[in-house]
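In case you want the letters, here they are:
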Amino acid sequence: MQRTRFGDMACSIARTLDVVGEPWSPLILRDVYVGMNRFEQIQQDLGISRKVLAERLRWLTDNGVLERRAYSERPPRHEYVLTAKGRELCDLLMVMVRWGDRWASGEEGPPVLYRHHACGEIGHVELCCSACGGPMRATDVDVLPGPGARLRTPDAGPTG
């Protein structure tokens, strides 16, 4: 069976999933975001196999989400840091956190809290419209074709 190539689809969700859609990638990004930048730290925190972690780090680096930087020459050692692309993916993780805190955290409540730098208060992410600042949830929008949309015809199917 051939693997579906999500990166080739004319869909921003599919293209994002192509980069971070398997379960380890968001957890690796979370660890790097909170300051676990070295292979051993990430491996120990997640309990992931060394082979799988190496593959995921290579994939995230090759896709420009993480940057691999040397921190020791003897012995050669590297750490991983978020790129601008990776930092923006952490915004997506914040939306996932909001959902998980609300629907999956149980009676114990959220496992971590987030203090906003600007106001110093504990808060959570809220989606808002970039044009008017109003709330922007799935029920508040219409989905329209964008400039990168691929047209579909009933008899030909998707063109991409």
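- As recorded in an unreviewed UniProt entry, the protein chain goes by DNA-binding HxlR family transcriptional regulator and comes from Streptosporangium saharense.

Considering the overall build of the protein chain
- When helices and strands are tallied, the protein chain shows five helices and six strands.
- Across the protein chain, helices and strands are ordered from the amino to the carboxyl terminus as α-α-α-α-β-β-α-β-β-β-β.
- Taken against the 2.2 N^0.38 rule, which gives 15 Å for 160 residues, the C-alpha radius of gyration of the protein chain at 19 Å runs more than 25% over that of a compact globule.
- Counting every position in the protein chain, which comprises 160 residues, the buried fraction comes to 21%.

Remarks on the UniProt feature "domain: HTH hxlR-type" (unreviewed entry) in the protein chain
- Taken from the UniProt record, the annotation "domain: HTH hxlR-type" (unreviewed entry) applies to residues 11–108.
- From the first C-alpha to the last, residues 11–108 spans 37 Å; its make-up is 61% helix and 13% strand.

Points about the packing of aromatic side chains
- This model, assessed by the stated rule, comprises zero aromatic pairs.
- Geometry around Y71 places R38 over its ring, the cationic atom sitting 3.6 Å from the centre.

Comments concerning the environment of S105
- Its place among the elements puts S105 in the loop between α5 (84–103) and β3 (114–115).
- A relative accessible area of 16% means that S105 is categorised as buried.
- Polar side-chain contacts of S105 include one of 2.8 Å to the backbone oxygen of D101.

With respect to the side chain of T83
- Following the sequence through the fold, T83 ends up in the loop between β2 (77–82) and α5.
- What makes T83 buried here is its relative accessible area of 17%.
- At 2.5 Å, the side chain of T83 and the backbone oxygen of G64 are in polar contact.

Overview of a nonpolar patch on the surface
- Among the surface-exposed residues, V95, L127, M136, V141 and V143 lie close enough to one another that they form a single nonpolar patch of about 420 Å² accessible area.
- With respect to the helices and strands, L127 occurs in the loop between β4 (122–123) and β5 (152–153).
- Using a relative accessible area of 45% as the deciding quantity, one classes L127 as partly exposed.

A look at unusual backbone geometry
- Residues R74 and P75 are joined by a peptide bond in cis, for which omega reads -5°.
- In this structure, P75 sits in the loop between β1 (66–72) and β2.

A look at the pattern of salt bridges
- Enumeration according to the criterion identifies nine salt bridges in this entry.
- Residues R30 and D45 are paired through a salt bridge, measuring 3.3 Å at the closest nitrogen-oxygen approach. Here the residue R30 occupies a position in helix α2 (residues 24–33), and D45 occupies one in helix α3 (residues 39–46), the gap between them amounting to 15 residues.
- You can call R30 partly exposed: its relative accessible area is 35%.
- Here D45 falls in the partly exposed class, since its relative accessible area comes to 39%.
- Between E126 and R98 there is a salt bridge whose closest N-O contact spans 3.4 Å. With E126 in the loop between β4 and β5 and R98 in helix α5, this pair connects stretches of sequence that are 28 residues apart.
- Using a relative accessible area of 40% as the deciding quantity, one classes E126 as partly exposed.
- Each of R30, D31 and D45 takes part in a single network of salt bridges with overlapping partners.

Cut-off values and rules
- One numbering rule holds for all chains: residues counted from 1, following each sequence as written.
- Local features in this predicted model are restricted to residues of pLDDT 70 or higher, and side-chain atom pairs are both shown and tallied only at a pLDDT of 80 or more, whereas totals for entire chains, interfaces and linings draw on every residue.
- To obtain the side-chain values, all non-hydrogen atoms of the structure were used and water was disregarded.
- Secondary structure counts use DSSP, requiring at least four H or I residues in a row for a helix and at least two E residues in a row for a strand, with both numbered from the N terminus.
- Note on method: radius of gyration uses C-alpha positions; expected globular size equals 2.2 Å times residues raised to 0.38.
- In this scheme, a residue with accessible area under 20% of its type's maximum is buried, one over 50% is exposed, and one in between is partly exposed, where area comes from a 1.4 Å probe on protein chains only.
- UniProt positions are given in the numbering used here, feature names are shortened, and annotations may be inferred rather than shown by experiment.
- What counts as a ring pair is set by centres within 6.5 Å for rings of Phe, Tyr and Trp (its six-membered ring), and what kind of pair is set by the plane angle: stacked under 30 degrees, edge-to-face over 60, tilted for all other angles.
- A positively charged side chain is recorded as over a ring if its NZ (Lys) or CZ (Arg) lies within 6 Å of the ring centre. The angle to the ring normal must also be within 35 degrees.
- Polar contact is the term for a pair of N or O atoms within 3.5 Å; when the atoms are in protein, one must be able to donate a hydrogen and the other to accept it, and sequence-neighboring residues count only if both atoms are side-chain atoms.
- In this scheme, patches are assembled from residues that exceed 30% relative accessible area and form no salt bridge. Like charges are connected within 9 Å, while nonpolar side chains (Val, Leu, Ile, Met, Phe, Trp, Tyr) are connected within 5 Å.
- Each accessible area is a Shrake-Rupley estimate made with a 1.4 Å probe; only the visible protein chains count as cover when residues are assessed.
- Only one rule defines a salt bridge in this text: a Lys or Arg side-chain nitrogen within 4 Å of an Asp or Glu carboxyl oxygen.

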